[in-house]
Amino acid sequence: MPDNDDNLQGAHVELRDIAKSFGGTRALEGISLTIGRGSVHALVGENGAGKSTLGKIIAGAHVPDDGQILLAGEPVRFASPRDAIGRGVILIAQELSIMGSLTVEQNVFLGVEPSQAGFQNRRELRRKYNELAASVGFALDGGANAGSLRTADKQKVEILRALCRNAQLIVMDEPTAALSRPDVEALHAVIRQLARNGTTVVLVSHFLGEVLELADQVTILRDGRLVQTVPAAGQSEESLMAAMLGRSLDAAFPPKRPAAADARVVLEVRDLVAPGVNGVSFELRAGEILGLAGLVGAGRTEVARAIYRANRVHSGTVTVSVGKEADNRQIDVTGSPRTAMRAGVLMIPESRKDQGLLLGRSVRENVSLSTLAQVSRAGMVQPGAERRTVRDVLTRVDARGGGQSARASSLSGGNQQKLLFARSLLSDPTVLIADEPTRGVDVGAKRAIYELLTALTDEGLGVLLISSDVEEILGLAHRVLVMRGGRVEAELDGEDATEAAILGAAFGATERGA
Amino acid sequence: MSTPQAATPAPEKPGNTAKSPAGPGARSLPGAGFLGQARQGGIIYPFIVLFIILAIWKGSLFYDKTNLLELLDQQSSTLIIAAAGTMVLIAGGIDLSVGATYALCQVIATKMAETGSPVVAIIVGVLVGVGVGALNGVIATFFRINSLIATLAMSFVITGVASLVTNGNLIIAYTALGFANFARTEFLDVTTAAWTMIGVVIIVGVVLSRTILGRYMYAAGSNAEAARLAGVRVNWIKLATFAISGGAAGLAGIIDASRVLSASSQNGGTALTFTVLAGIVVGGTSILGGEGAIWRTVVGVLFIAIIGNGFTLLAWNPLYEQITLGVILLLAVGGDAWSRLRTD
């Protein structure tokens, strides 16, 4: 519990026993904390620890299921972000909302433009903008086109927009994630400036160095629960990371059977360069689950998409070795997903709704889509053959509910994911890339997907598993690659693969495995 | 579901919905209820009601073999274009250039038939349509220009080219009687124009409901990115639908030219384009792609046709026909959007 004396004077926001779930998954539970006025308060934790959700709750973008929010000692319940803005609380999200076709000053004063009889008063707008920019020390031309600004300057526009709406509390979600080094410095100066002027800043960040440099208080979250809120002054990166660790194992994993050491290499990636991927090389063996860990934005999905040729690839080779005869097939740099599939690589994409399923179509059509030729004669789909094939593969992945004619949209998240597994299996892949295969599925379905992955490796498939859940990586993968900044930061094997080591590498700590 | 496999799928029959992939799915959808059912059946109920009303209306000449066959004959060209247009919509595109392509192919074929072989004229005319459609497809897919704008712009270009071919004059081929046989010959009391239409409708129906190509069209329109990642060559599939649409528009234009042995670059145009689109949409094929069926288009086009026929036969004020059509179109699109909102 926070110190009571502390609250009396400077408490800007107080959270009491906040809980939030998303469709059965607990995101936050029993969060109580106090944020002092004019302070910089950081929220840290692993992927999925709930820090972004908490930031959004403070800013009114999410409504908590349970608990109370006190703003300046007064209980509030924000119905919408707009409601929160009215009370001086503003969220600057990861995805910036800048109107590219308007000028900087128009963006800043959007919706609150100085006007006379319905006409915009440009001179007044310029004067007010300059005044505002000067007050925080931003040198940003108000007449410039906002769309052509660099990300750091766009962020400044968002901050100015917040300030001109009298923001007293600004929640920033990963403000420096997309910034280059000098821009990061600039933004840090801005955040310090804001705090000096009495604005409270809630900083959600992956970067522990940044947190230590800027924050007065740090709240550490783990698994949706609050571990502790401590003054940043006494902390180090190591002490913060230690507090993030040590999650309880709540989903049981099937026993790991190590891949034979002499198992042949089924996938060889050499010097892969693509958007978000800066020279990645690795090998994957038959019967092996290779975990790809790292923070969100570290380039894991980009690697998967580059291998599968879902994104354009600049250079590097991808070689697949198919069958007992080790028939080596290179995937052409200019290839498409279709090329990759033919070479024996299949990918289950990150977002099953946007990139995986035809939600409005039937289960059967979804499953057979990639392999229609197998159940067709002269271009005509044979209904009987198709039904049998789909039925068999659905049994294999243990998908239930609805029958083959049900719309994919009517299935649960876990079963939808299994449809994608079923579709991939029909292609008889050599390598399967599963990008966040358990995201948003319930515990039972998770377990089923784990068993499926293990069963597939027993059959000799090589699996590249991407997951933001470190526990999942540790529970399933034989070997772990940790990514950071589009590169492989560390390769961890056997005993070395610990949560501490993975997090250490993911956060870029100098001492690996500390 | 257990409908025995008929030799020819009769796409006009609503009973076929059960075999079309979307049919049974919606039934098992929780909460779809009456709305879902109404959406599945869609236009067929108002069509039957209107048909019966017109048939039993006192003194009406509607339910009469000659009238009905003539109606079918008149709708041949619209239905041919609409059948192909259904594919374009299902694959997630839209083709606003069909009225212009209709005119271009008609003037080219008629001009050729004036002096040369009617068979060659017809083949060349259709191929020009396919070419124009393929160009639409390339612009709309590989150049990534929204198909609505791409085909709208192309329609001006195509109309312009057609006017160049005719020098702005009516092209007359009264002497080319062989050319006239193409649409006017009767077989079993039904004109060749109508037979051609029936053939096109059946082929389109089979492609959509039975072939890999058809599946890919639904997939491309349902979720293009997912289809691409599943190995479907989405751009080529979309391009194919535009090429088919262009070819169908050309065929329709030639049929109508063969009827009257004349052609003009001013025929068809936006009026035809929008009649075709209205028919497809009233039938219940979604403008958002990924859903639809050929029988819907057939019923939709015929529904609009019998409204017009009814107004004429019963001597109602034709001004109200336009208003009626507009309201029905709004109801169809609104109903689609609303039921999506409720069921998805």
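Residues numbered from 1 in each chain as written. Chains lettered and ligands numbered in written order. Predicted model: local features only at pLDDT ≥ 70, side-chain atom pairs only at ≥ 80, totals over all residues. Heavy atoms only, no water.

Looking at the sheet that holds strand S11 (residues 217–222) of chain A
All names here are of chain A.
So, step 1. Taken together, six strands build an open sheet; the order of strands is S6-S9-S10-S3-S11-S12 and the sheet is mixed. Each edge of the open sheet carries a strand with a single partner, namely strand S6 (89–92) and strand S12 (225–231). Across this sheet, the average inter-strand angle for adjacent strands is 15°, counted without regard to direction.
So, step 2. Helix H2 (residues 51–58) rests against strand S3 (40–44), S6, strand S9 (169–173), strand S10 (200–204) and S11 of the sheet, and its axis sits at about 155° to S9. (Pairing = 2+ DSSP bridges. Helix = DSSP H or I, 4+ residues; strand = E, 2+ residues; numbered from the N terminus. Axes fitted to C-alpha atoms, helices over the stretch in contact; angles between N-to-C directions. Contact = heavy atoms within 4.5 Å.)

Some thoughts on the interface of chain A and chain B
So, step 1. Listed per partner, the contact involves 37 residues of chain A and 31 residues of chain B.
So, step 2. Contact between chain A and chain B buries roughly 2700 Å² in total, counting both sides, with carbon and sulfur atoms accounting for 53%.
So, step 3. Three residues stand out in chain A for area buried against chain B, namely A:Arg338, A:Arg361 and A:Arg407, and they jointly supply 26% of the buried area on that side.
So, step 4. Inspection of the chain A/chain B interface yields three salt bridges.
So, step 5. Residues A:Arg407 and B:Glu291 are paired through a salt bridge, measuring 3.6 Å at the closest nitrogen-oxygen approach.
So, step 6. In this assembly, chain A and chain B are joined by 12 residue pairs in polar contact (both at pLDDT 80 or more).
So, step 7. Secondary structure elements with two or more residues in the side of chain A that touches chain B: helix H11 (337–343), helix H12 (352–356), helix H13 (363–368) and strand S20 (380–381) of chain A.
So, step 8. Ranked by residue count, the leading element in the side of chain A that touches chain B is H12(A), at four residues. (Buried area = accessible area lost by both parts, 1.4 Å probe. Salt bridge = Lys/Arg side-chain N within 4 Å of Asp/Glu carboxyl O. Polar contact = N/O pair within 3.5 Å; in protein donor to acceptor, adjacent residues only side chain to side chain.)

A look at the packing of helix H14 (residues 269–283) of chain B against helix H15 (residues 294–313) of chain B
Residue and element names in this part refer to chain B.
So, step 1. Two elements in contact, H14 and H15, have axes separated by 7 Å at closest approach and are oriented at 120°. Accordingly, the angle class assigned to the pair H14 and H15 is oblique. Judged by the twist between their axes, the crossing of H14 over H15 is right-handed. Here H14 contributes Ala278, Gly279, Ile280, Val282 and Gly283 to the contact with H15, which in turn contributes Arg296, Thr297, Gly300, Val301, Phe303 and Ile304. (Parallel < 35°, antiparallel > 145°, perpendicular 65-115°, else oblique. Left-handed = near helix turned anticlockwise from the far one by under 90°.)

Description of the packing of aromatic side chains
Residue and element names in this part refer to chain B.
So, step 1. As enumerated under the stated definition, the model contains four aromatic pairs over all chains in all.
So, step 2. Residues phenylalanine 142 and tryptophan 236 carry aromatic rings whose centres are separated by 5.4 Å and whose planes lie at 65° to one another, so their mutual orientation is edge-to-face. One end of the pair, phenylalanine 142, is in the loop between helix H7 (118–141) and helix H8 (147–166); the other, tryptophan 236, is in helix H13 (residues 234–260), and 94 residues separate them in sequence.
So, step 3. Arranged with centres 5.9 Å apart and planes meeting at 55°, the rings of phenylalanine 187 and tryptophan 195 form a pair that is tilted.
So, step 4. The exposure class of tryptophan 195 is partly exposed, given its relative accessible area of 33%. (Phe/Tyr/Trp six-rings, centres within 6.5 Å; stacked < 30°, edge-to-face > 60°. Buried < 20%, exposed > 50% of the residue type's maximum accessible area, 1.4 Å probe, protein only.)

What to know about the packing of helix H10 (residues 192–210) of chain B against H13(B)
Residues and elements named next belong to chain B.
So, step 1. Remark: H10 packs on H13, axes separated minimally by 11 Å, with the N-to-C direction vectors making an angle of 170°. The angle between H10 and H13 places the two elements in the roughly antiparallel class. Of the residues in H13, those touching H10 at Ala193, Thr196 and Val200 are Leu251, Ile255 and Arg259.
So, step 2. Class assignment for the residues of the contact of H10 with H13 results in four nonpolar, one polar and one charged. (Nonpolar A, V, L, I, M, F, W, Y, C, P; charged D, E, K, R; others polar.)

Here we look at helix H18 (residues 499–506) of chain A
All names here are of chain A.
So, step 1. Of all eight residues that make up H18, eight are buried, and the element is covered over most of its length.
So, step 2. Every buried residue of H18 is accounted for by Glu499, Ala500, Ala501, Ile502, Leu503, Gly504, Ala505 and Ala506.
So, step 3. The inward-facing, buried residues of H18 abut helix H9 (237–244), strand S15 (289–294), helix H17 (470–476), strand S23 (479–484) and strand S24 (487–493).
So, step 4. Glycine 508 sits one or two positions beyond H18 and adopts a positive phi of about 75°.

Brief notes about the pattern of salt bridges
Residue and element names in this part refer to chain A.
So, step 1. Across all of its chains, the model carries 24 salt bridges over all chains by this definition.
So, step 2. Glutamate 283 serves as the salt-bridge partner of arginine 270, at 3.5 Å between the closest nitrogen and oxygen. Highlighted residues: arginine 270 in strand S13 (residues 265–274) and glutamate 283 in strand S14 (residues 277–285), separated in sequence by 13 residues.
So, step 3. By relative accessible area, which is 30% here, arginine 270 ends up partly exposed.
So, step 4. Using a relative accessible area of 29% as the deciding quantity, one classes glutamate 283 as partly exposed.
So, step 5. Residue arginine 391 is joined to aspartate 392 by a salt bridge in which the shortest nitrogen-to-oxygen separation is 3.8 Å.
So, step 6. Judged by relative accessible area, which is 47%, aspartate 392 ranks as partly exposed.
So, step 7. Counted as one network, the salt bridges with shared partners bring together Glu124, Arg127 and Glu131.

Things to note about the sheet that holds S13(A)
All names here are of chain A.
So, step 1. Strand order in the open sheet made by the four strands is S14-S13-S16-S17, with antiparallel pairing throughout. One side of each edge strand has no neighbouring strand; the edge strands of this open sheet are S14 and strand S17 (327–330). The mean inter-strand angle of the sheet, taken between neighbouring strand axes irrespective of direction, is 15°.
So, step 2. By the bridge criterion, four bridges tie strand S16 (residues 315–322) to S17 in an arrangement that is antiparallel. Looking at the pairing, threonine 319 lines up with glutamine 330 of S17.

Remarks on a nonpolar patch on the surface
So, step 1. On the surface, B:Phe142, B:Phe143, B:Ile145, B:Leu148, B:Ile149 and B:Trp236 cluster together into a nonpolar patch covering about 610 Å² of accessible area.
So, step 2. In this structure, B:Ile145 sits in the loop between H7 and H8. (Patch = residues over 30% accessible without salt bridge, like charges linked within 9 Å, V, L, I, M, F, W, Y side chains within 5 Å. Areas by Shrake-Rupley, 256 points an atom, 1.4 Å probe, with all protein chains shown as cover.)

Concerning the environment of B:Met197
Residue and element names in this part refer to chain B.
So, step 1. The topology assignment puts methionine 197 in helix H10.
So, step 2. Distance in space between the C-alpha atoms of methionine 197 and alanine 263 is 20 Å, their sequence separation being 66 residues.
So, step 3. Setting aside anything within four residues of it in sequence, one finds methionine 197 in contact with Leu72, Ser76, Leu79 and Ile80.

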